[in-house]
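# Analysis of the macromolecular model
Residue-level listing of the chains:
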Amino acid sequence: MTTSPRQVELRYDAVAIDRKWQALWDQDGLHRVDNDDPRPKWYEMTMYPYPSGDLHIGHWYAMAPADCHARFRRMQGYNVLHPIGFDAFGLPAENAAISRGIHPYTWTMSNIENMRRQLRSLGAIYDWDREIVCCAPEYYRWNQWFFLKFYERGLAYRNKAPVVWCPSCQTVLANEQVLNGNCERCGSEITRRDLEQWFFRITEYTDRLLDFSGLQDWPDKILNMQTNWIGRSEGVEISFDIAPSNIDEKEIRTFTTRIDTIFGVTFIVLAPEHPLVSQLTTDDKQEDVEAYINRARQTSEIDRMSTEGEKTGVFIGSYAINRLNGERVPVYIGDYVLMTYGTSAVMGVPAHDARDFVFAKKYGLPVRTVVAPIEWNGGELSEAYLGEGFMTNSARYEGMTNEEGKVAIALDIEKNGWGKRTVSFRIRDWLISRQRYWGTPIPMVYCQACGIVPVPEEDLPVLLPPDADFKPTGESPLAANAEFVNTTCPRCHDPAKRETDTMDTFMDSSWYMMRYLSPDYDQAPVDPSVGKRWLPVDQYTGGAEHAVMHLLYSRFFIKALKDIGFIDFDEPFLRLFNQGVILGQDHEKMSKSRGNVVNPDEVVNHLGADAVRCFLMFIGPWDQGGPWSEVGMNGMARWLNRVWDMVARDPSEINEARAVPETKREIMRLLHQTIRKCHNDLDRFKFNTAIAALMELTNGLNRVWADGGIDSDTWRESIEKFLLMLAPIAPHVTEEMWELTGHTYSIHQQLFPTWDDGLAADEMITLVVQVNGKVRDKLEVPADIEEGAARELALASPKVQSFTEGKSIFKSVYVPGRLVNLVVR
RNA sequence: GCCGGGAUGGCGGAAUGGUAGACGCGGCGGACUUAAAAUCCGCUGGCCUCACGGCUGUGUGGGUUCGAGUCCCUCUCCCGGCACCA
């Protein structure tokens, strides 16, 4: 059983030091960022938090290292903007209103108030004059403005789309309000409903979103996720004739990536919602089909998943004709065909598609092999064959490889006008409508005479009315507010009704990087001259959970704005770094139910912000996350104590007479090696190894202090540079020590130390001597030793000789500065 | 199922194809102390050995190489994402 660890006490008053310097920095505007500063700009953004009420250790983990990196850039001589704001619209505020009767505005703003205080305790370089809160009309006004621009440009359109619906609460549910197919509030089974909603045409940008060439350094993982999310597949759209053709439509269009298997088609499956279904359903099948469609509509996604692999469907009575061979095949509907992908209709090729195979077996449909598996004996397949092979049962394409067949068939189909090569995408247009109160009102008006009319730009913002009924009614809460809903048409001035849905909060985050630049500017979302100075963002950091939604939407937004002519850059965030997740002491995800949640305020109030910052950065690589540890925290406090003692030593106590030139050289070497390592590591977010290097320097300096041999100038220089390196990591205590060592305020206005490779170079190295790749001896030799000399020393080693004795050396490998490997037989 | 990432001491982790385990935690021993804490010093992957030293060791099995934690192939497990995408 683990007992609560003994707590290390700091030998300095960290809390007082935090307060002292935070107040002073504030007072002096040390972190105020001047747009006209002549230094090169560096715009480093961290994902803004949702104002949930409390800053937890996860926020610290995201923000403290990010701040360290931004500070490091500042010490490299950049004019650094590292702003902060609040993602203030969204569902939790509305839930609080429903469950506790607090107005979302009140709830949100009081949370922000508290989080501001907590965020200040980080000691980050946030310029609070630039803070943004996107539930403010001054902010969301520009959401509406962008919406209107997109609408003008044809990028915003209205269409029917299904929403998740709770029949008992009579309300629309967000996906996160659905638990195992049931309403999280009342537990009843959810259904779907079609509503007219607003979309952005992100699908028009798929090719440009797949082009990552404008990005400088994004994790491959994120690029991969975005690529998969967009889901581009090349294939062929091929039409089948409908028989009998006594209806308006003459054909069923299908999409396939395997046109080489067209001769293996033995049925057609339409999505249950496919528009041709009612016309193609014969009278005798009417009842079955209707029953199936109703069942499909009610089946939640979770339920569909629970019947894993199962394929259901129903024959609708009609047949389609394969134009390549004139064959007549039955038409089914089945819910494994999605309304939202391709043409919502598939050609069933059971021999070469796993789903079609299962379907065919279930309904007794024929399976015809048209791509011969290797060593196929012509017999029946036990599962779909998805591999390569030679075409068979395929008329004039017989004997081609299926890859050749793909091309040949596609060309012939195009020649005959039966279809065309095309590309399908998984991604859908961005649905921005939310049937919610706490969001940006969509600036649209519905007029009986004029139809859909945009609110004129000069009438923005369309204000979110403060009084609304948040209780679930089945419509957006705004619909119940007559004063809001009833308006006049901007065009004909007759009575009209406002759009009552609000916008997705990803709208806010799509362009917030612009608003930090001129948060009070009222002529446009961003003051153009300031935007020109700062945009795009050089470095963005945040959690990987936003890999596809936020980061893709924002990229789309920026590209669309470029097309509109509003900006002249193409990507919002040039570099991206994703931090990992901080875990509880038990190595599990932090959660209230597990009781492993760490309250940062408590630790900060005891050991100060710097100890927490240092520890979070020391746990491990930032992108991997890692477990919180109280004992680990103790270790960090212990190191800071040793740092404090070391810096507090009086260099005039040094006995200069005992100074040894060799010691000075050694310390300078260690110092310059540390600067080089620290610089390179901080640059690449490798905080853990940067801190380890600083610990080694501490150990080295403590040793020479104890052993003697150092001169006071070297000591002073080492301490000074050590503090500068530690400054971005532990800003408060270094500022205090900077003052105590007689330097002028502020350490944070100094440049990061530079190193000299010559001084950092080792004079002596450990030459490893291997025999047949195994280490047999280690020799201290001059770093610039030549191969011949190294080999001679190696051969002279008695340890080595005992392994080479009686054998002949037929090869020797020399790696300069590292090793000699003798290969013997 | 598909895509991506990972697996190194008791723990977190470090290691441009070249000394595996830096740094820290924990543990053990010692100094200081009436004592404990704190602090300081030393040791700390496993096995064998009084010792010198040797053998072995980075999830599994193979391969490439003078040399593999690192590169290639196989498998197992873990984490993240997507999920009937035709």
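## A few points about the overall build of chain A
Looking only at helices and strands, chain A features 26 helices and 33 strands. C-alpha atoms of chain A, sized along the principal axes, occupy 110 × 85 × 60 Å. Counting every position in chain A, which comprises 825 residues, the buried fraction comes to 53%. Taking the intrachain contacts of chain A between residues at least 6 apart in sequence as the baseline, contacts between residues at least 24 apart amount to 73%. Side-chain charges in chain A split into 88 positive and 116 negative, and the spacing between the mean points of these groups amounts to 3 Å.

## Here's the deal with the pairing of strand β10 (residues 232-243)
The buried fraction of β10 is high, at nine of twelve residues. As paired strands, β10 and strand β18 (residues 419-425) are joined by seven bridges and run antiparallel to one another. Within β18, the position partnered with V236 by the bridge is R421. Two elements, β10 and strand β11 (residues 251-256), share six bridges in a ladder whose sense is antiparallel. Its bridge partner lying in β11, S239 is registered against R253. With three bridges connecting them, β10 and strand β13 (residues 314-322) associate as antiparallel partners. In the sheet register, D241 faces β13, and the bridge partner there is I321.

## Comments concerning the sheet that holds strand β32 (residues 809-815)
The strands that make up a sheet are held in pairs by hydrogen bonds between backbone atoms, and each pair lies either parallel or antiparallel. Across the sheet, which stays open at both edges, the four strands sit in the order β31-β30-β33-β32 with mixed pairing between neighbours. Edge strands, defined here as strands with exactly one partner in the open sheet, are β31 (774-782) and β32. If you compare each strand with its neighbour and ignore which way they point, the axes differ by 20 degrees on average. Relative to strand β33 (residues 819-824), β32 runs antiparallel, the two being bridged by six bridges. Bridged to V815 within β33 is L819.

## Focus on the protein's contact with RNA strand B
Neighbouring RNA strand B are 55 residues; T257, K311, R355, I619 and N821 lie closest to it. The sugar-phosphate share of atoms of RNA strand B within 4 Å of the protein amounts to 69%. One nitrogen or oxygen atom from the main chain of Y336 is found 2.8 Å from a sugar or linking oxygen belonging to RNA strand B. Between RNA strand B and the protein, one listed contact pairs a base nitrogen with a backbone N or O atom of L338 at 2.9 Å.

## Points about the sheet that holds strand β26 (residues 537-543)
Pairing within the open sheet is parallel, and its four strands lie in the order β2-β1-β26-β27. This sheet does not close on itself; its edge strands, each paired only once, are β2 (79-81) and β27 (573-579). On average, adjacent strands in this sheet sit at an angle of 20 degrees to one another, irrespective of strand direction. Contacts from helix α2 (residues 57-75) reach β1 (41-46), β2, β26 and β27 within the one sheet, and its direction differs from that of β1 by about 175 degrees.

## A look at the packing of aromatic side chains
The full count for this structure, using the stated rule, is 50 aromatic pairs. Judged by centre distance (5.4 Å) and plane angle (85 degrees), the ring pair of F200 and W430 falls under edge-to-face. Here F200, found in strand β9 (residues 191-200), pairs with W430, found in strand β19 (residues 430-431); they are 230 residues apart in sequence, far enough to count as distant. The same class applies to F200 as to W430, namely buried. Taken together, a centroid distance of 4.9 Å and an interplanar angle of 50 degrees make the contact between F359 and Y363 tilted. Here Y363 and F359 lie together in helix α11 (residues 354-363), a separation of four residues that amounts to about one turn. We classify F359 as buried; its relative accessible area is 0%. Sitting over the ring of F810, R825 keeps its end group 4.1 Å from the ring centre.

The rules behind the values
- Residues numbered from 1 in each chain as written.
- Chains lettered and ligands numbered in written order.
- Predicted model: local features only at pLDDT ≥ 70, side-chain atom pairs only at ≥ 80, totals over all residues.
- Heavy atoms only, no water.
- Helix = DSSP H or I, 4+ residues; strand = E, 2+ residues; numbered from the N terminus.
- Buried < 20%, exposed > 50% of the residue type's maximum accessible area, 1.4 Å probe, protein only.
- Contact = heavy atoms within 4.5 Å.
- Lys, Arg positive; Asp, Glu negative; His and termini not counted.
- Charge placed at Lys NZ, Arg CZ, Asp CG, Glu CD.
- Pairing = 2+ DSSP bridges.
- Axes fitted to C-alpha atoms, helices over the stretch in contact; angles between N-to-C directions.
- Near = heavy atom within 4 Å.
- Polar contact = N/O pair within 3.5 Å; in protein donor to acceptor, adjacent residues only side chain to side chain.
- Phe/Tyr/Trp six-rings, centres within 6.5 Å; stacked < 30°, edge-to-face > 60°.
- Lys NZ or Arg CZ within 6 Å of the ring centre and 35° of its normal.

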